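Fold and geometry: a report
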Amino acid sequence: MDDEAIERVNVRLLPDNRVSRADTAKVLGRRPKTLADWSAKGWGPKPIEVGGRIFYRYDEVLAVARGQQPVRPAAA
């Protein structure tokens, strides 16, 4: 088995490129509460509130998952 194999996860991608907090957590290998904690600190992908529910832009989620965007913003 390849050590660099990537596990595929099924997520529901909405037509406007949003994913739920639960699906975002799956992609990042975290729990939804961790994402809520990150949001409170201003970390991670930027949350979007729609109808009282939290979503994330899928391209930002992938950037964090790939290491192209840091979880914690750089110190000023």
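Look above for the structure.
Rules used throughout
Residues numbered from 1 in each chain as written. Predicted model: local features only at pLDDT ≥ 70, side-chain atom pairs only at ≥ 80, totals over all residues. Heavy atoms only, no water. Pairing = 2+ DSSP bridges. Helix = DSSP H or I, 4+ residues; strand = E, 2+ residues; numbered from the N terminus. Axes fitted to C-alpha atoms, helices over the stretch in contact; angles between N-to-C directions. Contact = heavy atoms within 4.5 Å.

Within the open sheet, the 3 strands sit side by side as S1-S3-S2. Their pairing is antiparallel. Only two strands of the sheet have a single partner each, and these edge strands are strand S1 (18–20) and strand S2 (47–50). Across the sheet, the axes of successive neighbouring strands diverge by a mean angle of 45°, strand direction being ignored. Relative to strand S3 (residues 53–57), S1 runs antiparallel, the two sharing 3 bridges. Looking across to S3, one finds that valine 19 is bridged to tyrosine 56. On the sheet, helix H1 (residues 21–28) packs against S1 and S3 and is oriented at approximately 90° with respect to S1. Here helix H3 (residues 58–65) sits on the sheet and contacts S1 and S3; the angle it forms with S3, its principal contact strand, is near 65°.

Note that S2 and S3 share 4 bridges and pair antiparallel. Within S3, the position partnered with isoleucine 48 by the bridge is phenylalanine 55. Once S2 ends, the chain turns through 2 residues before running back antiparallel as S3, passing glycine 51 with a positive phi of about 60°.

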